[in-house]
Amino acid sequence: MVETFYQPGQSNPINSEFLFAYRITIENQTAYPVRLLSRHWHILDSNGTHKEVEGEGVVGQQPVIMPGNSYQYTSGCNLNSDIGKMYGTYLIENLYNKRKLRVTIPEFKLVVPAKLN
């Protein structure tokens, strides 16, 4: 699950700087514990800018998520326009057999609330 939040106090629309926060909840619906090893994001602005971000874990952590449990984190993203979107993948490791699996993060939108009216 993803929730997004426009950050008007940290944005500067005159300079085309728009900051968004997003909160993601990851649920482990498997029968085994997993560790989130890395992430790979595609970030697109409505002005055509496309950025990719890769790195270990999320917000400096590689959390272990037990079966039936969830992990939630909040992070942020800068855009150069007031509408954008993100999508990507997580690399997850099954802690029982050490197999790695790439999990798709569905696309979600980043929109300044005034654009929705």
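Refer to the structure above for everything that follows.
Residues numbered from 1 in each chain as written. Predicted model: local features only at pLDDT ≥ 70, side-chain atom pairs only at ≥ 80, totals over all residues. Heavy atoms only, no water.

A.B. asks: What should I look at first to understand the overall build of the protein in this one?
C.D. replies: A count of helices and strands for the protein gives zero helices and eight strands. Counted from the first residue to the last, the protein has its helices and strands arranged as β-β-β-β-β-β-β-β. Reported as C-alpha extents along the three principal axes, the dimensions of the protein are approximately 50 × 20 × 20 Å. Across the protein, every contact between residues at least 6 apart in sequence was considered, and the portion connecting residues at least 24 apart equals 62%. (Helix = DSSP H or I, 4+ residues; strand = E, 2+ residues; numbered from the N terminus. Contact = heavy atoms within 4.5 Å.)

A.B. asks: Please explain the environment of Gly-68 as it appears in this structure.
C.D. replies: With respect to the element layout, Gly-68 can be found in the loop between β5 (64-65) and β6 (70-79). Note on Gly-68: relative accessible area 66%, which makes it exposed. Each C-alpha atom, one on Gly-68 and one on Thr-30, is 7.2 Å from the other, the two residues being 38 residues apart in sequence. Among residues more than four places away in sequence, those in contact with Gly-68 are Asn-28 and Thr-30. (Buried < 20%, exposed > 50% of the residue type's maximum accessible area, 1.4 Å probe, protein only.)

A.B. asks: How do you make sense of the side chain of Asn-28 when you look at a structure like this?
C.D. replies: In this fold, Asn-28 is placed in the loop between β2 (18-27) and β3 (34-45). Judged by relative accessible area, which is 5%, Asn-28 ranks as buried. At 2.5 Å, the side chain of Asn-28 and the side chain of Thr-30 are in polar contact. A distance of 2.9 Å separates a polar atom in the side chain of Asn-28 from the backbone oxygen of Tyr-32. (Polar contact = N/O pair within 3.5 Å; in protein donor to acceptor, adjacent residues only side chain to side chain.)

A.B. asks: What am I meant to see in the pairing of β2 here?
C.D. replies: For a regular strand, side chains alternate in direction, first toward one face of the sheet and then toward the other. The element β2 is largely enclosed, with a buried count of eight among its 10 residues. In terms of strand pairing, strand β1 (residues 2-6) meets β2 through five bridges, oriented antiparallel. Bridging from a neighbouring strand, Glu-3 pairs with Arg-23 of β2. Bridge count for β2 against β6 is 10 bridges, and the pairing is antiparallel. Its bridge partner being in β6, Ala-21 is matched across the sheet by Gly-76. (Pairing = 2+ DSSP bridges.)

A.B. asks: What is the right way to read the sheet that holds β2 from this model?
C.D. replies: For sheets, the rule is that strands pair by backbone hydrogen bonds, running either parallel or antiparallel. Pairing is antiparallel in the open sheet, where three strands are placed in the order β1-β2-β6. Each edge of the sheet is formed by a strand with only one pairing partner; in this case those strands are β1 and β6. Sheet twist, expressed as the average angle between the axes of neighbouring strands with direction ignored, equals 20 degrees. (Axes fitted to C-alpha atoms, helices over the stretch in contact; angles between N-to-C directions.)

Interpretation note: all reported values are geometric properties and have no functional meaning in isolation.
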